[in-house]
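# Summary of structural features
Residue-level listing of the chains:
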Amino acid sequence: ARAMAAEGGGGGAGRRLPPHSPSGLVLQTVEMHTGGEPLRIIPRLEAAEEAAAGLSLLSLRREVAATQDHVRRALVHEPRGHAGMYGAVVVRGGAAAAGAHLAALFLHGAGYSAMCGHAVLALGRFALDYGLVAAPSRPETAVRLRCPCGPVTAFVPWDGRCSGNPVRFHSVPAFAAATDLAVDVPGHGKVVVDIGYGGTFYAFLSAEQLGLDVCSSKTRDLVSAASAVTEAVKKQFKLHHPESEDLAFLYGTILTDGKDAFSEEPTTNICVFADEQVDRSPTGSGVTARIALQYHKGLIQLNQTRTFRSSTTGSLFTGKAVQATKFGKYNAVVVEVSGEAFYTGTATFTVEEEDPLKYGFFFK
């Protein structure tokens, strides 16, 4: 702080840093990351809490997208965010009722997701440290979250003063939506993909099918190939969700090293979601969906733990199927995903009304 004050020059000692009179929107955030993937948490968005009364979380997601999208753009896009930024709006009160400690809306560069595992791991810690759980228990506290895809429980270490790592969560029922689906990808020809659901739908295939290596190919090449697969699957395959057509969308494509059979060795993947956004973590909802596919194919048993590595940062999550269940017509599993989430700071963002780029910009 002393160095910052000194840099103010002109008798800067003791002067507050500008801006001195925020004219427009002021947004306070808590900053975290899980396995390198950022999470910008908005602890309170009054407009969302007011709208939450009487709305399902999926309806609230639509309402916030229609009326508060400037908040997402301001915080996720440049100059306050970046092409890989991710956010969460914490909703308490009305929408968080139904036995949950909090509800969450997930924000990314192109819109609003239905599920986000890296965010759930971070929000579990945040919920304890922010006092959203009335009487946390040692050594671990269950934090109940409502996500647009359904209820999710995080299990967070608690020492009586603050939260710790690793955090784990139990997913909504996860299932194999399609296996060995032949898809024609422009520029790559025929490939074979699996589609798994882990709170949101992903297409999975080995990068090798696209002439790439998930560990050594250029990220740019992996991203464009994965995006081509996503577009092709969207055109050639109709998704169905047992509960809501709002959830029947393909969120992205995950390219793997092809090591689907059970092993003690980590398996590496890269997740490309939304509008060519790259997950820096191994992807919690992706690990969930991938475990469901491996279980469906008989490659993994209940309570066998696998380790998943992000090809972008090398960070690790573990995953295991902990319970077999039914979800609509699907044989499904509840998956436990574990990882480490860390605080990186807090921020106060201001929006000056006269700023022509006040609500951010986005380019690729």
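Residue numbering note: each chain is counted from 1, following its sequence as written. Only residues with pLDDT of at least 70 get local features here, since the model is predicted, and only at 80 or more are side-chain atom pairs given and counted; chain-wide, interface and lining totals rely on the full set of residues. Values shown for side chains rest on all heavy atoms present in the structure; no hydrogens or waters enter the calculation.

The name an unreviewed UniProt entry assigns to the protein chain is trans-L-3-hydroxyproline dehydratase, from the organism Eudyptes filholi. UniProt positions are given in the numbering used here, feature names are shortened, and annotations may be inferred rather than shown by experiment. Of the protein chain, the UniProt comment under Sequence similarities (unreviewed entry) reads exactly: "Belongs to the proline racemase family." Here is the UniProt Catalytic activity (unreviewed entry) comment for the protein chain, exactly as written: "trans-3-hydroxy-L-proline = 1-pyrroline-2-carboxylate + H2O".

Each cavity reported here is a set of points on a 1 Å grid over the protein atoms alone in which a 1.4 Å probe fits but cannot get out, each pocket an open set with protein on both sides within 12 Å along at least five of seven lines, and each lining residue one with an atom within 4 Å of a point. Grid points are joined across faces, edges and corners, and a volume is the space filled by probe spheres set on the points. In the structure shown here, the tally under the stated rule is one cavity of 30 Å³ or more. If you go around the largest cavity, you meet 15 residues; those closest to its centre are Cys-116, Tyr-202, Tyr-251, Asp-279 and Thr-283. Secondary structure follows DSSP: runs of H or I at least 4 residues long count as helices, runs of E at least 2 residues long count as strands, and numbering of each begins at the N terminus. Taken together, the elements giving at least two residues each to the lining of the largest cavity come down to helix H5 (117-129), strand S13 (267-273) and helix H7 (284-296). Each residue receives one of three labels: charged for Asp, Glu, Lys and Arg, nonpolar for Ala, Val, Leu, Ile, Met, Phe, Trp, Tyr, Cys and Pro, and polar for the others, Gly being one of them. Of the residues belonging to the lining of the largest cavity, the class tally is seven nonpolar, six polar and two charged.

Another aspect to go through is the confidence of the model for the protein chain. The pLDDT score gives, residue by residue, the confidence of the prediction method on a 0 to 100 scale. Per-residue pLDDT for the protein chain averages 93, and the proportion of residues at 70 or more is 95%. In this description, contact between two residues means that some pair of their heavy atoms is separated by no more than 4.5 Å. Scored below 50 in pLDDT, residues 2-9 shows three contacts in the model against residues more than four places distant or in partner chains.

Right, let's talk about the pattern of salt bridges for a bit. Should their charged atoms come close, side chains of opposite charge can pair. Any carboxyl oxygen of Asp or Glu that lies within 4 Å of a side-chain nitrogen of Lys or Arg is treated as forming a salt bridge with it. Counted under the stated rule, the structure contains 14 salt bridges. Shared partners join several salt bridges into a network, and the residues in it are Arg-44, Glu-49 and Arg-92.

On to the packing of aromatic side chains. A pair of Phe, Tyr and Trp rings is counted when the ring centres sit within 6.5 Å of each other, with Trp represented by its six-membered ring. The angle between the planes then sorts it: under 30 degrees is stacked, over 60 is edge-to-face, the rest tilted. Enumeration over the complete set of coordinates arrives at 13 aromatic pairs. Considering the side-chain rings of Tyr-197 and Phe-201, the 4.7 Å spacing of their centres and the 50° angle between planes classify their relative orientation as tilted. For Tyr-197, a relative accessible area of 0% translates into the label buried. Look at Phe-361 and Phe-363: their rings are 6.2 Å apart centre to centre, the planes differ by 5°, and that puts the pair in the stacked class. Partly exposed describes any residue whose relative accessible area lies between the buried limit of under 20% and the exposed limit of over 50%, with all areas from a 1.4 Å probe on protein chains only and scaled to the type maximum.

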